[in-house]
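# Structural overview for review
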Amino acid sequence: MRGALSILAIAAVLVCAATFVAAQDDTERAVERYRQMLKEDPWSNPGLLDADRGETLWKTKRGPKNASLDQCDLGKGPGRVDGAFAELPRYFSDAGRVMDLEARLVWCMEKLQGRDRAEIVERPYSKANQAGSELEALATYVAHKSNGLKFAPRLEHAKEREALAVGEALFFRRQGPMDFSCSTCHAESGRRIRLQGLPFLGKPEEARKVVGEWPAYRISQGTVMTMQHRITDCFWQMRLPLIDYGSDVAIALTMYLVNQAKGGEITAPQIKR
Amino acid sequence: MRITSLIAVAAAAALALLGWHLLFAQGTDIAADVERAIKASWARATPEWQARLVQDETQKACSHYRNVPPKAIADAILAREKATIKYPPDSKLMGDWKKGEKLAQSGYGGRFTDYPPRAENGGNCYACHQLDKTELSFGTLAPSLLEYGKNRRYKDAEIKTVYERIYNPHAAIACASMPRMGSSGFLTIEQIADLVAYVMSPESPVNK
């Protein structure tokens, strides 16, 4: 009797363990199923609500200059949104610096609408279950307008090549109380933190799969998350201070990631766990 | 004849110097650009927090050589880091494995949302290592430590190795990925001893 009981107990433990592992696999599978459904019916993607809101914000007159963002130059000429995201970050001669999408949006809001930078970047990232912030909605809208295109960083201007070199050096730079660099977690295939899978961003095949997913709609958060937010969260985990919005480090790292993902398809806003 | 060979040698030397200069100058330019970008990007952080972005010698060397330093540099790292290890005053390298288990599970501490501290810093071992076989949520960035102590017959020398490895992994492996939990002051000597017990005690679930 006791033998039978212990066999039962062992079996129960094994079933629990198997269920747990299966549950994790199920989560991955469910996300994959969700993605498959979105391929069949792209309009059911909740991230598109933010893209829509972004489009409305883009066309709404705001700020002291009562202007919309219609004349914002994202690199392909004033008002040209289609395909602009695929060539960002890039050098902007009017600003005299390399900018990614998010830094450029702030620039346009300042210059065209006459708005105060501090006010624009005060709360760039929404919290769980909130609607995306203005910047998140705008970034989702612009990125979505390159959906289906492939990343094609220009790297023609010396400053663009410099941003790439700085981004690569930053990717391998170890710092902080934990001695972490980006490469501590993203330099091998098939690794995890706890149960969270990690992309090997040094490998173009893997970078191409994930970089074009951002801005992404996160199911667990119920909101969209931009690339700058993603990078900020990595730095938070690395025990580094809060990085300024639209800063050179985030732009240089984005340039490195986009260059690693060169030729990879833009699927933003993709669905993430 | 002598003059022509002198000229040839001088020309070769000049070319080599030029090449070296070009190579070196480019390298230092990028390093300067990186530092400038960092200064500008964390301009609003407090000086205390900005200090976290300043690299020490080991971080600098490991970044530069992408964690594969040449032998002379590696030897210098090993010696420098080994010298930072401090041992418990009572020489007991094993503490309480139950406290160690809590520390191994906890990823708390050091993030900008963790201040003022609401708990003690954790070791976050499970982020990267497998330990207790019943804990299925473990990372795979680092080797599995399943039955680590048992497999090493709980030897004293192995206990010391584990203590030192947690305190400062660069003392054994130059440019190791793991944080220097003791040398950085992130964990205390007592906390490290508790973690050693979690890995090395026969009573610990890690060895069951």
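Residues numbered from 1 in each chain as written. Chains lettered and ligands numbered in written order. Predicted model: local features only at pLDDT ≥ 70, side-chain atom pairs only at ≥ 80, totals over all residues. Heavy atoms only, no water.

## Some thoughts on the packing of helix α9 (residues 227–237) of chain A against helix α10 (residues 248–260) of chain A
Residue and element names in this part refer to chain A. Here is the rule: Every angle, taken between N-to-C directions, lies between 0 and 180 degrees, and every axis is a line fitted to C-alpha atoms, over only the stretch in contact when it is a helix. Helix numbering and strand numbering both begin at the N terminus, where a helix is a DSSP run of H or I of at least 4 residues and a strand a DSSP run of E of at least 2. Put simply, angles under 35 degrees are roughly parallel, angles over 145 are roughly antiparallel, angles from 65 to 115 are roughly perpendicular, and the rest are oblique. It only takes one pair of heavy atoms within 4.5 Å for two residues to be counted as in contact. Each residue is assigned to one class: nonpolar for Ala, Val, Leu, Ile, Met, Phe, Trp, Tyr, Cys and Pro, charged for Asp, Glu, Lys and Arg, and polar for all the others, Gly among them.
As a packed pair, α9 and α10 sit with axes 10 Å apart at the nearest point and diverge in direction by 105°. The angle between α9 and α10 places the two elements in the roughly perpendicular class. Along its contact with α9, which presents Met227, Gln228, Ile231 and Phe235, the element α10 presents Val249, Ala250, Leu253, Thr254 and Leu257. By residue class, the composition of the contact of α9 with α10 is 7 nonpolar, 2 polar and no charged.

## A few points about the interface of chain A and chain B
By convention, interface size is frequently given as the accessible area that disappears when the constituent parts associate. Selection rule: Buried area: the accessible area, evaluated with a 1.4 Å probe, that two parts lose upon being put together, summed over both parts. Whenever a carboxyl oxygen of Asp or Glu lies within 4 Å of a side-chain nitrogen of Lys or Arg, that contact is scored as a salt bridge. By the criterion applied in these results, polar contacts are pairs of N or O atoms within 3.5 Å in which, for protein atoms, one can donate a hydrogen and the other can accept it, and in which residues neighboring in sequence qualify only through two side-chain atoms.
Contact with chain A, which involves 39 residues of that partner, is made by 48 residues of chain B. The three residues of chain A that bury the most area against chain B are Arg173(A), Arg174(A) and Arg194(A), which together make up 21% of that side's buried surface. Counting across the chain A and chain B interface gives 4 salt bridges. A salt bridge links Arg180(B) to Asp179(A), with the shortest nitrogen-to-oxygen separation between them at 2.7 Å. Our enumeration of links across chain A and chain B arrives at 27 residue pairs in polar contact (both at pLDDT 80 or more). At the level of elements, α1 (2–40), α6 (158–171), α7 (182–186), β3 (191–193), α9 and α10 of chain A are the ones that each hand at least two residues to the side of chain A that touches chain B. With 6 residues, α6(A) is the largest single contributor of residues to the side of chain A that touches chain B. Looking at the side of chain A that touches chain B residue by residue, the classes come out as 22 nonpolar, 6 polar and 11 charged.

## Some details on the pattern of salt bridges
As a reminder of what qualifies: Throughout, exposure labels follow a simple rule: accessible area from a 1.4 Å probe, protein chains only, divided by the maximum for the residue type, with under 20% read as buried, over 50% as exposed, and the rest as partly exposed.
Under the criterion given, the structure shown has 31 salt bridges over all chains. Ionic pairing is found between Arg90(A) and Glu87(A), a salt bridge with its closest N-O pair at 2.9 Å. Glu87(A) carries the same exposure label as Arg90(A), and that label is buried. Across the salt bridge formed by Asp56(B) and Arg180(B), the nearest N and O atoms sit 3.1 Å from each other. Of this pair, Asp56(B) sits in the loop between α2 (47–50) and α3 (57–64) while Arg180(B) sits in the loop between α7 (156–167) and α8 (189–200), and the two are 124 residues apart along the sequence. Look at Arg180(B) and you get buried, because its relative accessible area is 7%.

## Examining the packing of aromatic side chains
Keep this limit in mind: Pairing of aromatic rings covers Phe, Tyr and the six-membered ring of Trp, with a centre-to-centre limit of 6.5 Å; geometry is then stacked below 30 degrees between planes, edge-to-face above 60, and tilted otherwise.
All told, the structure shown has 9 aromatic pairs over all chains when counted by the stated rule. For the ring pair Phe171(A) and Tyr256(A), a centre distance of 4.9 Å and an interplane angle of 45° mean the geometry is tilted. A residue pair is termed long-range when its members are at least 10 positions apart, and Phe171(A) in helix α6 and Tyr256(A) in helix α10 qualify at 85 residues. Side by side, Phe171(A) and Tyr256(A) carry an identical accessibility label, which is buried. With a centroid separation of 5.5 Å and 85° between ring planes, the pair formed by Trp49(B) and Tyr115(B) is classed as edge-to-face. Of this pair, Trp49(B) sits in helix α2 while Tyr115(B) is found in the loop between α5 (97–105) and α6 (148–151), placing the two residues 66 residues apart along the sequence.

## Points about the nonpolar core
Inclusion rule: Here, the term nonpolar core denotes a set of buried Ala, Val, Leu, Ile, Met, Phe, Trp, Tyr and Cys residues that are joined through side-chain atoms within 4.5 Å.
Counting 101 residues, the largest nonpolar core has Trp58(A), Val142(A), Val211(A), Phe235(A) and Val249(A) as the members making the most contacts within it. With 8 residues, the top contributor of residues to this core is α10(A). Not counting the four nearest positions on each side in its chain, Val211(A) is found in contact with Phe151(A), Met227(A), Leu257(A), Val258(A) and Ala261(A). Of all hydrophobic cores here, the second largest spans 6 residues; its members include Ala61(B), Ala74(B), Ile77(B) and Cys175(B).

## Some remarks on α3(B)
Residue and element names in this part refer to chain B. Restricting attention to buried positions, one finds in α3 the residues Thr58, Gln59, Ala61, Cys62 and Ser63. Those residues of α3 that are buried lie in contact with α4 (71–82). For α3, the N-terminal cap is Asp56; the gap from its side-chain oxygen to the backbone nitrogen of Thr58 is 3.1 Å. Arg66 occupies a position one or two residues after α3 and carries a positive phi of about 45°.

## Observations regarding helix α2 (residues 47–59) of chain A
All names here are of chain A. As a reminder, the rule being used: Each residue after the first adds 1.5 Å to the expected span of a helix.
For α2, built from 13 residues, the straight-helix expectation of 18 Å at 1.5 Å per residue is met to within 8% by its first-to-last C-alpha distance of 19 Å. Those residues of α2 that fall on the buried side of the exposure criterion are Gly47, Leu48, Asp50, Ala51, Gly54, Leu57 and Trp58. On its buried side, α2 packs onto α3 (101–113), α5 (134–144), β5 (216–218) and β6 (223–225).

## Considering the confidence of the model for chain B
Residue and element names in this part refer to chain B. What counts is decided by this rule: A score between 0 and 100, pLDDT records how confident the predictor is in each residue.
When the pLDDT values of chain B are averaged, the result is 91; 87% of them are 70 or greater. pLDDT under 50 marks residues 17–26. Its contacts with residues more than four places away, or in other chains, come to 1 contact. Here the predicted complex scores 0.88 on pTM and 0.87 on ipTM.

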